[in-house]
Amino acid sequence: MAVAYGSKETSYLLPPNPEDWEEYGIPDFVYGQKELAVEGIQWPRNAPSTLSSLPLSRFDSALCSAWRQRVELGLFRYRLEDLQTQTLPGSVGFVAQLNVERGVQRRRPQNIKSVRQEFDPEQFNFNKIRPGEVLFRLQRESDGLAAPEQEDILLVINVSPLEWGHVLLVPEPALGLPQRLLPGVLRAGLEAVLLSLHPGFRVGFNSLGGLASVNHLHLHGYYLAHRLPVEGAPSTPLDLKGYVHLLQALPAPGFLFYSSGPGPDLEALINRVCRATDYLSDHEIAHNLFVTRGAPPGQASSSSDLTGIRVILWARKSSFGIKEGGAFNVALCELAGHLPVKTSQDFSSLTEAAAVALIQDCLLPQTQADEVQAALVALMAQEEL
């Protein structure tokens, strides 16, 4: 475990000399159940919601200080400045951001042909990143209870960031796991959201065919200082037990899973979500997943009502390779209402109707969507009480 110079506290900052990074090792961020915050997290009513204006948790401080240092060290493909941002006029509430450099400088997606494609060690993967790109290792403190074993998760900078603090959550890279969601990494993603006191720290997953560009298991996490429509959008239950709901609002219908916080309820959610994504993967159906603080299922709620965790899962058409035609590519954040736009012209001319059309063009045909819905409802019915 790395420690700060002259201090007993863990440091997440790299030594000043790059030659020392290899021997520096990866510091551990060890957290316990008490740090998983549920109550009292809300968007400020009048103040800006930047990181500097909100209280930071120990997790936020560690991530942001280490991420900021990597910016100063030039470890990113470009220096992310304050992004030009607008909320598109209309009923959806799209948050559009101009991020030209990501569109130009990000790594070319790998040659993916199947949602179930095996890991290929010859392709780029997270065993090949520079030592300084790893911020720390997430480790859940043992509480002595019969909780599921939590594998180590590395927090790695995304060198082509969407927004401030953009990181990847990567479970044990040496295992060479393909990009297929597993319970351990989903649990780490949910707990990372609960470890942050910022209402805009979100986590997500892109499957192969769902615009994942690297076939090595990882989640995305990043801060966005803006409310998103999925936080409080209305939903209807799809099964009698209320395990899964249909999020009906624009821009795209999705399957909503909800948990009020850590404990058995969260473990049940992880099980349901992974059973659903296993079904989609087994049937070669691409998908995207988004985790955010939000309101319980039901009628439309104020987005200040952040009483639990919402996990939204979208089944969609498979899309492989680089897509150049639209103002933005459709993956986890776009389906949630966050639109990173690639050119100034598209940013200035983009309308809500155009954004909705671009997103809905990526969704499954209605007949197939109905089949998926029926299959997921049947899966939920098999769950034992």
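Source: prediction; values computed, not measured.

## A few points about the sheet that holds strand β12 (residues 286–294)
Then, in step 1: One open sheet accounts for 11 strands, arranged β1-β4-β5-β6-β8-β7-β12-β13-β11-β10-β9; its pairing is mixed. With partners counted over all chains shown, the strands left at the sheet margins are β1 (28–31) and β9 (235–237), one partner each. Each neighbouring strand pair of the sheet contributes to a mean axis angle of 25°, computed without reference to strand direction.
Then, in step 2: Bridge count for strand β11 (residues 254–259) against strand β13 (residues 308–316) is five bridges, and the pairing is antiparallel. In the strand pairing of β13, F257 is matched with V311.
Then, in step 3: The strands touched by helix α2 (residues 58–72) within the sheet are β1, β4 (134–140), β5 (153–157), β6 (167–171), β7 (201–206) and β8 (219–223), with β4 carrying the most contacts at an inclination of about 160°.

## Concerning the environment of A286
Then, in step 1: Here A286 is to be found in strand β12.
Then, in step 2: The exposure class assigned to A286 is buried, which follows from its relative accessible area of 0%.
Then, in step 3: With sequence-adjacent residues up to four places away left out, A286 is seen in contact with V115, S207, L208, G209, G210, W314, A315, R316, K317 and S318.

## Topic: the sheet that holds strand β3 (residues 95–98)
Then, in step 1: Taking strand neighbours across the sheet as the criterion, the three strands line up as β2-β3-β14 in an open arrangement whose pairing is mixed. Only two strands of the sheet have a single partner each, and these edge strands are β2 (85–87) and β14 (338–341). With direction set aside, neighbouring strand axes in the sheet form an average angle of 20°.
Then, in step 2: Here β2 runs beside β3; their pairing, made up of three bridges, is antiparallel. Residue pairing in the sheet places T87 in a bridge with V95 of β3.

Calculation criteria
Residues numbered from 1 in each chain as written. Predicted model: local features only at pLDDT ≥ 70, side-chain atom pairs only at ≥ 80, totals over all residues. Heavy atoms only, no water. Pairing = 2+ DSSP bridges. Helix = DSSP H or I, 4+ residues; strand = E, 2+ residues; numbered from the N terminus. Axes fitted to C-alpha atoms, helices over the stretch in contact; angles between N-to-C directions. Contact = heavy atoms within 4.5 Å. Buried < 20%, exposed > 50% of the residue type's maximum accessible area, 1.4 Å probe, protein only.

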